[in-house]
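Survey of secondary and tertiary structure
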Amino acid sequence: MSAQLIENMLQALVAGLLVGAIYGLMCVGLALIFGIMRVINFAQGDFMMLGMYAAFYLVLGLATQLGLTGGITPYIGILLTGPFLFVVGYAIHGFLISQVSGTRSARLEGEGHYAQLILTLGIALVIQNGALIAFGSQLISIRTPLSASAWTIPLLDGDVMLFVNKARGVAALISVATIVALTVLIGRSRLGKALRASADNPDAATFMGIDVARAHRVAFGLGVAVTAIAGGLLATNLPFHPFVGIDYVIVMYAGVVLGGMGSIGGAFWGGMTIGLVQQLSTLILPTQLQNTAIFVVFLLIVFFRPQGFFGRVAERT
Amino acid sequence: MLTLEGVHAGYTAIPVLNGVSIRVDEGQFVAIVGPNGAGKTTIFRTISGTLRPFAGRITFDGQDLAAVRPDRRPHLGIAHVPEGRQVFASLTVFENLEMGAYTEAGRRAWKENLEAILGWFPVLAERRNQLAGTLSGGEQQMLAIGRGLASSPRLLMLDEPSMGLSPAIADLIFEKLLEIRKHSRLTILLVEQRVAEALESADRGYVLEAGRVVLEGPNSALRADDRVRQAYLGM
Ligand SMILES: Nc1ncnc2c1ncn2[C@@H]1O[C@H](COP(=O)(O)OP(=O)(O)OP(=O)(O)O)[C@@H](O)[C@H]1O
Ligand SMILES: [Mg+2]
């Protein structure tokens, strides 16, 4: 194998791992909402888009108002997007989504899934068009000083040079750190256990003294916040516009299903798989077929392992 | 401690409970018995608040529960061990117990409670990291009771703890309940199909039929009553 071919393959692999980490984080946000709380949310991509704009303006604000222009400033802005979108998600759930989910879902047809589908599609349209009016349709992206520089890693006595874009590298690290923090929160903390108990059996959770409606709002807000942070990280490399959410909501559902519903770690690996397939497919396929490649792999995995990577068969009794 | 006065309740316009009055005093063991569909579970639902009565009053320690949200009632000291166990299937045994200790009182007494619960039901200690959904029916019932006790309740409400269990396991559960009661002076409200056992352990009993209390009194009086002997005790 020629050094050039090895270099191309390794470069695609690295690109896949880096973008896969961000996709993984994005999927984890949806996994909280769809996998754990069992709410269908088709506006998740649009919450991500809101996260991108929020991060864009927060970063801009930090630079123009506070004069912060260092390499880490954009990442501070992006992480601040989390609390901001948490409040948005918490409020939207309280006013709208709670009507068709949680304790109410038992009384609705199909556990409220039909109503959730229609309601969140409506929310998606409102957010998209609202964003179009507020932000306009031009492509923008979050500029980071790090985007223009790369770490170079020489391999095989310098025959192969691997370039790792610094902005992407830092974004991937932040993704992984966020997921670790979230896994600990959901797996170990009292709040996390209360969220899982509320999703598992709302009546019994009420008998324990848990405010189930609030637990659902918090979970929704957390899921939105996590996906919004992923959106902000993605926006450091990707120009975006008010309709960018549509492409990614598909990635997110595919990732959550691949990972096995209800598993945070699984959703991360699901997103990672999609990132890898997308980047590696560019080695042999034209760019336009990237998304096709994702779906071929998705169908293959779902065909051979319908419960996903981490899903347990018959998890719920 | 707990009183129901003229409670009417139901799921549709047709009432299931037609003016039920029940009284449980501090430290008592009270049993409610009656045929399937009499409304026993419905009574429990109105007490824990997942069903709002049409009319009537429910008080706990003199406080009107109508003003207390369902999720606040456990914090007053009411533990509901529901019919069909309803453990958190996707949580581990240990996490289920931790959720039981969600109340302030439960959190404060967590260490002592845990030790006591695992002492009464050693099988829960063996299976502490197993998902509750994979436990056997008897183990799930022990977990449901343990989870209720973990909240440090003052009133423990048990809805048919013997449901679907073999006679041997059901006997074991009854034995444990008496042991727990002796140890902790807990007030217990029990709904049971196994009328003989229920009336044997209880201080007082109520017989519920078609949403009405048709008979009440100390257990000795109920066990001596001809109607109870014929209908429930097969004598
Ligand atoms: N969720 C519900 N919706 C409509 N009707 C209900 C509901 N739950 C119970 N019922 C009805 O209310 C009546 C009383 O039910 P309940 O569960 O209180 O009986 P029970 O005395 O606990 O019976 P069992 O011994 O079989 O548990 C029954 O006729 C039942 O069909
Ligand atoms: Mg019942």
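Taking an unreviewed UniProt entry as the reference, chain B is identified by name as ABC transporter ATP-binding protein belonging to Enterovirga aerilata. UniProt's Sequence similarities (unreviewed entry) comment on chain B is quoted here verbatim: "Belongs to the ABC transporter superfamily."

**Examining the coordination of the magnesium ion (ligand 2)**
In this structure, T41 of chain B (OG1) and E83 of chain B (OE) serve as the protein donors to the magnesium ion (ligand 2), at separations of 1.9 to 2.2 Å. Pair noted here: T41 of chain B is in helix 1 (residues 40–48) and E83 of chain B is in the loop between strand 6 (78–81) and helix 3 (93–100), with a separation of 42 residues, a long-range link.

**Description of the sheet that holds strand 8 (residues 187–192) of chain B**
Residue and element names in this part refer to chain B. Taken in spatial order, the six strands line up as 6-7-8-3-9-10 in an open sheet, and their pairing is mixed. Taken across any chain shown, the strands that pair with only one partner, and hence form the sheet edges, are strand 6 and strand 10 (212–218). Strand-to-strand, the axes of this sheet are offset by a mean angle of 15°, without reference to chain direction. When strand 3 (residues 29–33) meets strand 9 (residues 204–209), the two strands line up parallel, connected through four bridges. The partner of V30 across the bridge, within strand 9, is R204. Set on the sheet, helix 1 makes contact with strand 3, strand 6, strand 7 (155–159), strand 8 and strand 9; between it and strand 7 the angle comes to about 145°. Together, strand 6 and strand 7 form the strand contacts of helix 7 (residues 137–149), whose direction differs from that of strand 6 by roughly 170°.

**Here's the deal with the domain arrangement of chain B**
Residue and element names in this part refer to chain B. Per the domain assignment, the segments making up chain B are domain 1 (1–77 + 155–235) and domain 2 (87–153). Between domain 1 and domain 2, the C-alpha centre-to-centre distance is 23 Å. The partner domain 2 presents 13 residues to the 18 residues of domain 1 that form the contact. Summed over both partners, the interface of domain 1 with domain 2 buries about 1,300 Å², with 76% contributed by carbon and sulfur atoms. Taken as a group, H75, K176 and I180 account for 34% of the area that domain 1 buries against domain 2, more than any other trio of residues on that side. Between the two partners, domain 1 and domain 2, sit zero salt bridges. On the surface where domain 1 and domain 2 come into contact, there are two residue pairs in polar contact (both at pLDDT 80 or more). Every element with two or more residues in the side of domain 1 that touches domain 2 is listed here: helix 2 (73–76), strand 7 and helix 8 (167–184). Here the element with the most residues in the side of domain 1 that touches domain 2 is helix 8; it accounts for seven residues. For the side of domain 1 that touches domain 2, the residue count by class is eleven nonpolar, three polar and four charged.

Cut-offs used in this document
- Residues numbered from 1 in each chain as written.
- Chains lettered and ligands numbered in written order.
- Predicted model: local features only at pLDDT ≥ 70, side-chain atom pairs only at ≥ 80, totals over all residues.
- Heavy atoms only, no water.
- UniProt positions renumbered as here; feature names shortened; annotations may be inferred.
- Donors = N, O, S within 2.8 Å, 3.2 Å for Na, K, Ca; no water.
- Helix = DSSP H or I, 4+ residues; strand = E, 2+ residues; numbered from the N terminus.
- Pairing = 2+ DSSP bridges.
- Axes fitted to C-alpha atoms, helices over the stretch in contact; angles between N-to-C directions.
- Contact = heavy atoms within 4.5 Å.
- Domains from an automatic or database assignment.
- Buried area = accessible area lost by both parts, 1.4 Å probe.
- Salt bridge = Lys/Arg side-chain N within 4 Å of Asp/Glu carboxyl O.
- Polar contact = N/O pair within 3.5 Å; in protein donor to acceptor, adjacent residues only side chain to side chain.
- Nonpolar A, V, L, I, M, F, W, Y, C, P; charged D, E, K, R; others polar.

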